[in-house]
Amino acid sequence: MNEDLLLYNTMKHSSEYLVDVKDLKTYFPIRSGVFSKIVGHVKAVDGVSFKIRPGQTLGLVGESGCGKTTVGRTMIRLIPPTEGTFAFDGEDVFSQPQGRMKELRRDIQMMFQDPYGSLNPRMTVGSIIGESLGVHGVARGKERQDRVADLLNKVGLSAQHLNRYPHEFSGGQRQRIGIARALALDPKLIICDEPVSALDVSIQSQIVNLLQDLQEQLNLTYLFIAHDLAVVEHISDFVAVMYLGRIVEYADRDLLYANPLHPYTQALLSAIPEPDPGRRKHRIVLGGEVPSPSNPPSGCPFHPRCPLAEDCCKNEIQELVSKDGNEHLAACWKA
Amino acid sequence: MTQTNDNLLSIKNLSTHFYTEQGLVKAVQDVSFDIPKGKTLAVVGESGCGKSVTALSVMRLIPWPPGKIVDGEILFDGESLREVSEDRMRQIRGNDIAMIFQEPMTSLNPVFTVGNQIIEVVKLHQKKSGHEALGIAVDMMRKVGIADPERRVGEYPHQMSGGMRQRVMIAMALCCGPELLIADEPTTALDVTIQAQILELLRTLQRQEGMSIMMITHDLGVVAENADEVVVMYASRVVEKASAEELFDKPLHPYTRGLLKSLPKLGERKERLDVIGGSVPNPLHFPDGCKFHPRCPLGCNDSRCRSQEPPLKQVAAGRSVACWHAEGYDDKSE
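### Description of the overall build of chain A
In step 1: The secondary structure content of chain A amounts to 11 helices and 12 strands.
In step 2: Taken against the 2.2 N^0.38 rule, which gives 20 Å for 335 residues, the C-alpha radius of gyration of chain A at 21 Å falls within 12% of a compact globule.
In step 3: In terms of its C-alpha atoms, chain A occupies a principal-axis envelope of roughly 70 × 55 × 50 Å.
In step 4: For chain A, buried positions account for 45% of its 335 residues.

### Describing the overall build of chain B
In step 1: Scanning chain B for helices and strands turns up 11 helices and 12 strands.
In step 2: The C-alpha atoms of chain B give a radius of gyration of 21 Å, which matches the 20 Å a tight globule of 334 residues would have.
In step 3: Across its three principal axes, chain B shows a C-alpha extent of roughly 65 × 50 × 40 Å.
In step 4: Here chain B holds 334 residues, and 48% of them are scored as buried.

### Looking at the interface of chain A and chain B
In step 1: Facing 36 residues of chain A, the contacting portion of chain B comprises 38 residues.
In step 2: Going through the elements one at a time, α6 (171–183), α7 (201–218), α8 (229–235) and α10 (263–271) of chain A are the ones with two or more residues in the side of chain A that touches chain B.
In step 3: Here the side of chain A that touches chain B takes 8 residues from α7(A), the largest share from any one element.
In step 4: Its residues placed into classes, the side of chain A that touches chain B shows 17 nonpolar, 11 polar and 8 charged.

### Describing the nonpolar core
In step 1: One finds Leu223(A), Phe224(A), Ile118(B), Ala137(B), Ala171(B) and Met214(B) to be the most contacted residues of the largest nonpolar core, which totals 191 residues.
In step 2: With 8 residues, the top contributor of residues to this core is helix α6 (residues 162–174) of chain B.
In step 3: Among all residues touching Ala137(B), those that are not within four sequence positions of it are Gly115(B), Ile118(B), Ile119(B), Val122(B), Val153(B) and Cys175(B).

### Considering the packing of α10(A) against helix α7 (residues 192–209) of chain B
In step 1: Between α10(A) and α7(B), whose axes approach to 8 Å, the crossing angle comes to 55 degrees. With respect to their mutual orientation, α10(A) and α7(B) come out oblique. For the crossing formed where α10(A) meets α7(B), the hand is left-handed. Residues Ala267(A), Leu268(A) and Ala271(A) of α10(A) pack against Val192(B), Thr193(B), Gln195(B) and Ala196(B) of α7(B).
In step 2: Counted by class, the contact of α10(A) with α7(B) contains 5 nonpolar, 2 polar and no charged residues.

### A few points about the sheet that holds strand β1 (residues 19–32) of chain A
All names here are of chain A.
In step 1: Sheet architecture is open: 4 strands sit in the order β2-β1-β4-β5, paired in antiparallel fashion. Here the strands that pair on one side only, and so sit at the sheet edges, are β2 (37–52) and β5 (91–92).
In step 2: The pairing of strand β4 (residues 83–88) with β5 spans 2 bridges and is classified as antiparallel. Note that in β5 the partner of Ala87 across the bridge is Asp92.

### Some points on helix α4 (residues 130–143) of chain B
Residue and element names in this part refer to chain B.
In step 1: Along its 14 residues, α4 runs 20 Å from first to last C-alpha, staying within 8% of the 20 Å computed at 1.5 Å per residue.
In step 2: Inspection of α4 places Ala133, Ala137, Val138, Met140 and Met141 among the buried residues, and these make up the whole buried set. Angularly, the buried residues of α4 cover 165 degrees about the axis, an arc narrow enough to put them on a single face. Seen from the open side of α4, the exposed residues pointing more than 90 degrees away from its buried face are His131 and Asp139.
In step 3: Downstream of α4 by one or two residues, Gly145 has phi in the positive range, about 85 degrees.

### A closer look at the sheet that holds strand β5 (residues 79–80) of chain B
In step 1: Taken together, 4 strands build an open sheet; the order of strands is β2-β1-β4-β5 (chain B) and the sheet is antiparallel. Each having just a single partner strand, β2 (23–36) and β5 of chain B make up the two edges of the open sheet.

### Examining the packing of α6(A) against α7(A)
All names here are of chain A.
In step 1: One can describe the packing of α6 onto α7 by two numbers: an axis separation of 10 Å at closest approach and a directional angle of 15 degrees. When the axes of α6 and α7 are compared, the pair comes out roughly parallel. For the pair α6 and α7, the crossing hand works out as right-handed. For the pair α6 and α7, the contacting residues are Gly171, Gly172, Gln175, Arg176 and Ile179 in the first and Ile203, Gln206, Ile207 and Leu210 in the second.
In step 2: Looking at the contact of α6 with α7 residue by residue, the classes come out as 4 nonpolar, 4 polar and 1 charged.

### Observations regarding the pairing of strand β10 (residues 246–252) of chain A
All names here are of chain A.
In step 1: Counting buried residues along β10, 6 of its 7 residues qualify, which places the element largely inside the surrounding structure.
In step 2: Connecting strand β9 (residues 238–243) to the next strand, β10, in antiparallel fashion are 2 residues, including Leu244 with a positive phi near 50 degrees.
In step 3: With 3 bridges joining them, β10 and strand β12 (residues 328–330) adopt antiparallel strand pairing. Within β12, the residue paired with Glu249 across the bridge is Ala330.

### Quick notes on the pairing of β2(B)
Residues and elements named next belong to chain B.
In step 1: Across 10 bridges, strand β1 (residues 7–20) lies against β2 in antiparallel orientation. Within β2, the position partnered with Thr20 by the bridge is Gly23.
In step 2: From the end of β1 to the start of β2, which pair antiparallel, there are 2 residues.

### Structural notes on unusual backbone geometry
When glycine is set aside, most residues are seen to have a negative phi, and most peptide bonds are trans.
Residues and elements named next belong to chain B.
In step 1: Between Trp64 and the following residue, Pro65, the backbone shows a cis peptide bond with an omega angle of -15 degrees.
In step 2: If you trace the backbone, Pro65 turns up in the loop between α1 (51–58) and β4 (67–76).
In step 3: Pro65 connects to Pro66 through a cis peptide bond whose omega is 10 degrees.
In step 4: For Pro66, the position within the fold is in the loop between α1 and β4.
In step 5: The phi torsion at Asp77 lies on the positive side, around 55 degrees, for a residue other than glycine.
In step 6: Turning to its location among the elements, Asp77 is positioned in the loop between β4 and β5.

### Points about the confidence of the model for chain A
Low-pLDDT stretches of the model should not have their predicted coordinates read in fine detail.
In step 1: Looking at chain A as a whole, the pLDDT averages 87, with 94% of positions reaching at least 70.
In step 2: Across residues 9–14 of chain A, where pLDDT falls below 50, the model places 5 contacts with residues more than four positions away in sequence or in other chains.

### Let's talk about the environment of Ala267(A)
In step 1: Inspection of the secondary structure puts Ala267(A) in helix α10.
In step 2: Taking the C-beta count within 10 Å as the criterion, Ala267(A) has 21 such neighbours and is therefore assigned buried.
In step 3: Along the backbone, Ala267(A) and Cys306(A) are 39 residues apart, and their C-alpha atoms lie at a distance of 9.2 Å.
In step 4: The residues touching Ala267(A), leaving out its near neighbours within four places in the chain, are Ile284(A), Leu286(A) and Thr193(B).

### Details of the environment of Phe88(A)
Residue and element names in this part refer to chain A.
In step 1: Its place among the elements puts Phe88 in strand β4.
In step 2: In sequence terms Phe88 and Thr221 are 133 residues apart; their C-alpha atoms lie 12 Å from each other.
In step 3: Once residues within four sequence positions are removed from consideration, Phe88 is found in contact with Leu18, Val19, Val93, Leu104 and Ile108.

So, how was this worked out
- Residues numbered from 1 in each chain as written.
- Chains lettered and ligands numbered in written order.
- Predicted model: local features only at pLDDT ≥ 70, side-chain atom pairs only at ≥ 80, totals over all residues.
- Helix = DSSP H or I, 4+ residues; strand = E, 2+ residues; numbered from the N terminus.
- Rg over C-alpha atoms; globule rule 2.2 N^0.38 Å.
- Buried ≥ 20, exposed ≤ 12 C-beta atoms within 10 Å, placed from the backbone.
- Contact = placed C-beta atoms within 7 Å.
- Nonpolar A, V, L, I, M, F, W, Y, C, P; charged D, E, K, R; others polar.
- Core = buried A, V, L, I, M, F, W, Y, C linked by C-beta atoms within 7 Å.
- Axes fitted to C-alpha atoms, helices over the stretch in contact; angles between N-to-C directions.
- Parallel < 35°, antiparallel > 145°, perpendicular 65-115°, else oblique.
- Left-handed = near helix turned anticlockwise from the far one by under 90°.
- Pairing = 2+ DSSP bridges.
- Expected span 1.5 Å × (residues − 1).
- Arc of directions from axis to C-beta.
- pLDDT = per-residue confidence, 0-100.

Here's what the structure looks like:
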């Protein structure tokens, strides 16, 4: 596809990529009638491509329902992909058999949004974190205990928490447990799905700092999925903005925030209320709402809400391209 | 703040306690503030700080058992809400004070159409016929920016998006022309572009109707853009009170300062975010003295912070703070 070629060309000058997702599509069938005939598809992810270099962070932003979480879940095959490839360290993840997939999951870990729902309330913290060590046969008995204690220290908790249950911890501490669990198998890539959005403001910054420290110490690569543009700006090296299953803008963090090209990115940035009454700014208030991914509008999916839309936008989709030859891609005719 | 007749709502020394099986939870302690007519007051704080309980106390919606307002005075337009009869309170709720909630998904009844739910409010409070009430419902829906209200009035909540449902909630709250709107995290569950729409709508309606708003939120960005006055709560108490400009310009309490500094801001690059260490204390076991002292960057070694709770004191015109170390905080008059 044109889009991939361009992405590839603009990026090939740099060395290796740990993550290389190409033209990923995830459709969910809509069934109806007595025989559950498939009557349509929800195109949750509709042709998404991106790459991440080792040790870097890609921020994937978008509003609810734009497909950002589905991208993460499809990558570790919690949801089967409809089309596309995901090369992890050069290896095609989607075509691996179950056995190899299990090994791959040691290198790709995931962290979830809800610190209350993502920890089993009947398991102690020690067994939650240590479970994967057992499953993968990495460590047992005393050795496993030591590993878990070590992990707890790494995330700012202590070994005395080993035998406690999740309900004894606050939201921020539970998210630390989630991080420790993700780190247990020394992964290379962590897919962080809204890791801080359920936390209080004063705790958010603690977790963001912890994630950054760990990245530095362990040379981790993050796919950071979030809706908060300010947090994404802080933590990411590159940022991809999603709208209705597609990436509409992709750029180096500095470029994207300094000079957003796509009107959706511009509107998103201007919609964030800033904690400074002196800086009340000009706001682009978008009318309408995100259309349904089961019945996306013709042409550019953003055109019904776009302040710049013209006739060409209604008929044809602009692919994600770079207008000036650098690593700043936008999918908009008017950009 | 001096007591004038310009205040629509004034709360004095409000305390609300919950008698739970685990022990006494002092959810709101000694909270005082005023909301001037036509202005927006924001109550900011993290989860569990007592901001929602304060709002529910005003509405007298604290369930007994286990909760109870144990002390204080709530004056609404000169009327003491703690003393009025339940019948009078039912008139006030909806007619004079209306409330919108955080969860537009769960605060609407899924088995009635949204029109039905708005009409119910109108009929209950205004003695209108069904036909008139329907007209009011359609007008209100148009006012809050719902396109094609004649058709959508017959839709069920599940047919609407989160932003639309929040608009329905606002229409329902405003259909009797309340003087005070209590908005409990009205945009927390919404996306930023929808949040911008709803906040804009609230501002426009406030200008048109001249109502006062008590906005409960944890988002300092929302506060900065909408509030005239701000009350910062921490661990059941008010720790700082100021106008929005002054608060963001020069926060006095170390908690407010910490909160403001820990926020990542657009366009401001930092290597690391500043943090407030530790976590929010459990309301069953609040620390002695100043409740913020275990997390405070200033007062950890001060015996007074550990043993004595600083009362909220006025330090300048329209500004109060509760911290032994705050600038202008006169500790001798204690």
